[in-house]
Amino acid sequence: MKIAAADVIVTSPDRNFVTLKITTDDGLTGLGDGTLNGRELAVASYLRDHVVPLLIGRDPHRIEDTWQFLYRSAYWRRGPVTMAAIAAVDVALWDIKAKAAGMPLYQLLGGASRTGIMAYGHASGRDLPELFDSIRRHLDEGFRSIRVQTSVPGINAVYGVAAQPSVDGKRYDYEPAQRTPLPAEEDWDTRAYLRHLPGVFEAVRNEFGPELPLLHDGHHRMTPIQAAKLGKALEPYDLFWLEDCTPAENQEALRLVRQHTTTPLAIGEVFNTVWDYQTLIREQLIDYVRSAVTHTGGITAMRKLLDFAAQYQIKSGIHGPTDISPVGMAAALHLDLAIHNFGIQEYMKHGPLTNEVFRQSFTFADGYLHPGEQPGLGVELDEAAAEAFPYVPAYLPFNRLMDGTVHDW
């Protein structure tokens, strides 16, 4: 078997997606997700102009060899564009291999380690009544673990709050990559946030009781000492995790946070290789690995990263927003089902237009996901439907402090 063709498909149903479709000389096809929110065309060009010519004629079954070839032969390693492109190839090859074997991908990864994949939903509100309504709505939809995000008095717009106004007048329930020619500017005040948030979690616990797993995303906006302060303040409310409490490119910063709080920490949404985690995992400074299969070199690399984490009793919490396509989501679910150190899976439901373009076999019921039993990933791309939704420029917002300084969003 040889790779006969590789096509890069950019489509924008509910948002922009980059999909790689690899076709073998005997007609098998595999799909990979190369979406990088706000920089989609950079990955599309990397794939189309630099990677696809290298794939033609290669043996699709040699997945590890192809991964190492694409990583090492470029010389300029790592980075989100490179690793998203490699991930697209890697996942497409695993899709082909599983289809050739006639079994769902998780079986090739060692078979199921659990019957279902616990997922968390994303509740938010501009005030407590709106937040409580959002939590109840997610519980009614079947979620049994809830991420809580809230507006902060005095701040006009805050990451993760669906009902707040957007520049283009649309509602962005989860990933606000707004379809505007320039990124939207938002404001930020860390001290106001630190004063407000503990009271929100106190109210949520009083309303919903002690059993409901609650999560919160700090989204990189705090210094290490601020993150430590928040983690300590949230201890009475027994969070499942506090995510991205401080920019973790400075891995040693998490030592300070760890010294001051027992709130579990999840880190890594913006990471793209195992090297980003070396200190964090070896020194057990985090509890959950947050990387996405799509942004971290695919299934091959993520499996190795999570095996490394397992040695230190650190679990998975794979990134799963709507800027990961259903292809990338399916890849995560097959890995979730197979690994031993699974923790929880982020799950944002895609919109109806996306579901027209990407036909999926994975299911969600009673708080648990399952990738399904179709051979391969279990996702098929409707190329005619994809063509009806051309690329539209879209950007994530950015933050400025009250004095005008650009800040982490």
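These lines cover the structure that appears in this document, whether it is placed above or below. (Residues numbered from 1 in each chain as written. Predicted model: local features only at pLDDT ≥ 70, side-chain atom pairs only at ≥ 80, totals over all residues. Heavy atoms only, no water.)

## A short note on helix α11 (residues 326–338)
In plain terms, the rule: Strands here are runs of E lasting at least two residues and helices are runs of H or I lasting at least four, both read from the DSSP assignment and numbered beginning at the N terminus. In this analysis, the expected span of each helix is defined as 1.5 Å times one less than the number of residues it contains. A 1.4 Å probe rolled over the protein chains alone gives each residue an accessible area, and that area as a share of the maximum for its type sets the label: buried under 20%, exposed over 50%, partly exposed in between.
With 13 residues, α11 should reach 18 Å at 1.5 Å per residue; the first-to-last C-alpha distance of 19 Å fits that figure. Along α11, 13 of the 13 residues are buried, which leaves the element largely enclosed by surrounding structure.

## Quick look at the nonpolar core
As a reminder of what qualifies: Side-chain atoms within 4.5 Å are what join buried Ala, Val, Leu, Ile, Met, Phe, Trp, Tyr and Cys residues into a set we call a nonpolar core. A contact between two residues is defined here by any heavy atoms of the two lying within 4.5 Å.
Judged by nonpolar contacts, the single largest core of 113 residues is most densely connected at Ile-22 and Leu-47. Ranked by residues supplied to this core, first place goes to helix α3 (residues 80–101) with 12 residues. Residues in contact with Leu-47, not counting those within four places in the same chain, are Val-8, Val-18, Leu-20, Val-52, Pro-53, Ala-85, Ala-88 and Val-89. In this structure, Leu-215, Phe-240, Trp-241 and Ile-344 belong to the second largest nonpolar core, which totals 7 residues.

## Regarding the sheet that holds strand β18 (residues 406–407)
The line we're drawing: Strands qualify as paired when DSSP identifies two bridges or more between them.
Strand order in this open sheet of 3 strands is β6-β17-β18, and the pairing throughout is mixed. In this open sheet, the two edge strands, each paired with only one partner strand, are β6 (185–188) and β18. When strand β17 (residues 398–401) meets β18, the two strands line up antiparallel, connected through 2 bridges. The partner of Asn-399 across the bridge, within β18, is His-407.

## Description of the pattern of salt bridges
We apply this condition: Salt bridge, as applied in this entry: a Lys or Arg side-chain nitrogen positioned within 4 Å of an Asp or Glu carboxyl oxygen.
Within the structure shown, the criterion is met by 22 salt bridges. The residue Glu-40 makes a salt bridge to Arg-15 at a minimum N-O spacing of 2.9 Å. Placement of Glu-40 in helix α1 (residues 40–55) and of Arg-15 in the loop between β1 (3–11) and β2 (17–24) is noted, with a sequence separation of 25 residues between them. On the basis of relative accessibility, which here comes to 1%, the residue Glu-40 falls in the buried class. For Arg-15, a relative accessible area of 8% puts it in the buried group. Taken together, the shared-partner salt bridges connect Glu-243, Glu-269, Arg-290 and Glu-346 into one network.

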